[in-house]
Amino acid sequence: MIPRKSESSIPKEFRILSPQLLFGDAAMIRWFVRSGFTLVELLVVIGIIAILVGLLLPAVQKVRAAAVRLSCLNNLKQIGIALHHFHDVHGVFPASGWTMAGPGNPEGKYVGWRPVTLAYIEQEQVRRLYDFRLNWWEGSNLEVASLTIKTYICPATADRTAVTSAIAKPPRPALSVSQPLAPTDYEAILGVQPSSINPHVGYALYHSGNRFAVMFRNSRVRLTDITDGTSHTVMVVEAAGRPTVHRNGRPYPHLANDQGICWADSEGAFSLDGSSMDGQLEGCGLLCSRAINGKNDNEPYSFHSGGAHFLFADGHVAFLREALPLTTLAALCTRAAGEAVHYD
């Protein structure tokens, strides 16, 4: 065993002097106490961290919201490219939904604009699975309709309820499926409802001859038919969260809705009416002056803060503010009514 050297045998220049040797036992106690944080110091640090988090959180939320909006915008741009590709092939834009034979629907079945444009959003395999010899709710088409297509989904949409049933909308019967149907947050706008919009204009501007947009039931609209200008005519709008009814930011799951059941639904398109400010009413004359985000059943609606995205006939996408006057949006939702319209 090697004998331990005494401290006196170690040269002074190599000795480590402790507080105890220098200042006694009291200093040793104080030295150990000062090696940690006091309660006051800890509270100050926590307070500083809380302030930093408070400053950073809104910035993070803004970045996330901007990313979500960009993703939604890109979805609509892809849809716009698909609609123009369809026009290049068939000479017309697709109808919002067919009930008779037409371009892309030679069998004359109930089919919407999304199934006939699947190939143009890189969903050729899904298009091959879809049976155009049947109505969208028949046979294997319900299985196809359960396939999620990301291009049709806005990431801002709030929590969804799985859709395993739907009330009847003749000739479609009531539906009950085991595999939930896949949603869509984008829909064709048919045009405007004259009885709802004309009171806001002050005279009978809109009628059956000029009330339509680009895509409506059994339509065959060419680019040259959009005389109001393709950059001033809306084709597709956000109608997010359907079929669950949302009004003014709140869900109303107990309310029935027979439109926007899934992306294959051919009867989900609607005309612009305007809603009350709380979203509980639509088409109620001068009391229904809200154009955007009042209600998602039959009106443009999104989960973005302050507005919604709109796809125009020239392919560009614009984010229109909630405060946009109803008459301005109405002018944008017709293709040949001759209105002079300006919007930000």
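Only a predicted model underlies this, so the values are computations on that prediction, with no experimental measurement involved. Note that residues are indexed from 1 along each chain, following the sequence as it is written. Local features in this predicted model are restricted to residues whose pLDDT is 70 or higher, and side-chain atom pairs enter the listing and the counts only when it is 80 or higher, whereas totals over whole chains, interfaces and linings include all residues. Heavy atoms throughout the structure, all of them, feed into the side-chain values; hydrogens and water do not.

Can you tell me about the overall build of the chain, naming the residues and giving the values?
Helix and strand definitions follow DSSP, with helices as H or I runs of at least four residues and strands as E runs of at least two, each counted in order from the N terminus. In terms of helices and strands, the chain carries seven helices and 11 strands. Buried residues in the chain amount to 47% of all 344 residues. Any two residues having at least one pair of non-hydrogen atoms within 4.5 Å are treated as being in contact. Contacts spanning at least 24 positions in sequence make up 66% of the contacts within the chain whose residues lie at least 6 apart. On the chain, roughly 17700 Å² of surface is accessible, and the fraction owed to carbon and sulfur atoms is 59%. Only protein chains enter the accessibility calculation, which uses a 1.4 Å probe; a residue whose area is less than 20% of its type maximum is buried, one above 50% is exposed, and one in between is partly exposed. All accessible areas in this document rest on Shrake-Rupley with a 1.4 Å probe, and a residue is counted as covered only by the protein chains that are shown.

Which residues make up the state of the cysteines, and what values do they have?
Note that a disulfide, as used here, is simply two cysteine sulfur atoms within 2.5 Å. Taken as a whole, this structure holds one disulfide when the rule is applied. The partner cysteine of Cys-284 in its disulfide is Cys-288, sulfur to sulfur 1.8 Å. With the S-S bond torsion at 100°, the cross-link from Cys-284 to Cys-288 turns out right-handed. For Cys-284, a relative accessible area of 27% gives the class partly exposed. Of all cysteine sulfurs in the structure, the one in Cys-154 sits closest to Cys-72, which takes part in no disulfide; the separation is 3.6 Å.

Residues and numbers for the side chain of Ser-196, please.
Relative to the assigned elements, Ser-196 resides in helix H6 (residues 194-201). Polar contact is defined as a pair of N or O atoms within 3.5 Å, subject to the rule that within protein one atom must be able to donate a hydrogen and the other to accept it, and that residues adjacent in sequence are counted only when both atoms are side-chain atoms. A polar contact is formed between the side chain of Ser-196 and the side chain of Asp-273, at a distance of 2.7 Å. When residues no more than four places from it in sequence are discounted, the contact partners of Ser-196 are Asp-273 and Gly-283.

Give me the lowdown on the sheet that holds strand E6 (residues 234-238), citing residues and values where you can.
Strands are labelled as partners when DSSP assigns at least two bridges between them. Taken together, the five strands give an open sheet; going across it, the order is E9-E5-E6-E10-E11, and neighbouring strands pair in mixed fashion. At either end of the open sheet lies a strand with only one pairing partner, and these are strand E9 (270-272) and strand E11 (317-321). Put simply, the sheet's adjacent strands are angled 45° from each other on average, direction ignored. Two elements, strand E10 (residues 307-312) and E11, share five bridges in a ladder whose sense is antiparallel. By the bridge assignment, Gly-307 is partnered in E11 with Arg-321. To get an axis, fit a line to the C-alpha atoms, keeping to the stretch in contact for a helix; angles then go from 0 to 180 degrees between the N-to-C directions.

If you had to explain the environment of Tyr-186 to someone new, which residues and values would you point to?
Note that Tyr-186 resides in strand E5 (residues 186-192). A sequence separation of 35 residues divides Tyr-186 from Thr-151, and the C-alpha atoms of the two residues are 9.4 Å apart. At a separation of 3.2 Å, a polar atom in the side chain of Tyr-186 contacts the side chain of Asn-75.

Explain the pattern of salt bridges residue by residue, including any values.
Salt bridges are identified by distance alone: a Lys or Arg side-chain nitrogen within 4 Å of an Asp or Glu carboxyl oxygen. All chains considered together, the criterion is met by 13 salt bridges. Note that Asp-297 and Arg-247 form a salt bridge whose closest N and O atoms lie 3.0 Å from each other. Within this pair, whereas Asp-297 is found in the loop between E9 and E10, its partner Arg-247 is found in strand E7 (residues 245-247), the two being separated by 50 residues in sequence. Each member of the pair, Asp-297 as well as Arg-247, is classed as buried. One network of salt bridges, with partners in common, ties together Arg-247, Glu-282, Lys-295 and Asp-297.

Explain the side chain of Asn-141 to me, and be specific about the residues and the numbers.
Considering the arrangement of structural elements, one finds Asn-141 in helix H5 (residues 141-144). For Asn-141, a relative accessible area of 0% translates into the label buried.

Hey, could you go over the nonpolar core for me, with residue numbers and the actual values?
By size, the foremost hydrophobic cluster in this structure holds 53 residues, and its most contacted members are Leu-83, Trp-136, Met-235, Val-236 and Trp-263. Secondary structure elements with two or more residues in this core: helix H3 (39-90), H5, strand E3 (163-166), strand E4 (175-181), E5 and E6. The element contributing the most residues to this core is H3, with eight residues. In this structure, Met-235 is in contact with Leu-83, Phe-93, Glu-187, Ala-188, Ile-189, Val-214, Met-215, Leu-311, Phe-312 and Ala-313, ignoring residues within four places of it in sequence. Only buried Ala, Val, Leu, Ile, Met, Phe, Trp, Tyr and Cys residues count toward a nonpolar core, and they belong to the same one when joined by side-chain atoms within 4.5 Å.

Tell me about the packing of aromatic side chains, residues and numbers included.
Stacked, tilted and edge-to-face pairs are distinguished by plane angle, under 30 degrees for stacked and over 60 for edge-to-face with tilted covering the rest, among Phe, Tyr and Trp rings (Trp via its six-membered ring) whose centres lie within 6.5 Å. The full count for this structure, using the stated rule, is eight aromatic pairs. Seen in terms of ring centroids, Phe-86 and Trp-98 are 6.5 Å apart; in terms of plane orientation they differ by 40°. Their pairing is tilted. Of the two residues, Phe-86 sits in helix H3 while Trp-98 sits in strand E1 (residues 97-98), which places them 12 residues apart along the sequence. Measuring from centroid to centroid gives 6.2 Å for Tyr-152 and Trp-263, while their planes differ by 35°, and the two rings are tilted. Taken together, the residues Tyr-152 in the loop between H5 and E3 and Trp-263 in the loop between strand E8 (250-252) and E9 connect sequence positions 111 residues apart. Exposure class is identical for Tyr-152 and Trp-263. Each is buried. A network of ring pairs unites the aromatic residues Tyr-110, Trp-136 and Trp-137 as a single cluster. Counting as a charge over the ring demands two things of the Lys NZ or Arg CZ atom: a distance within 6 Å of the ring centre and an angle within 35 degrees of the ring normal. Over the face of the ring belonging to Phe-319 we find Arg-69, whose NZ or CZ atom lies 3.7 Å from the ring centre. Seen from the ring of Phe-212, Arg-211 lies directly overhead, with NZ or CZ sitting 4.5 Å from the centre.

Everything listed here is a matter of coordinates, which is why it stays silent on function.
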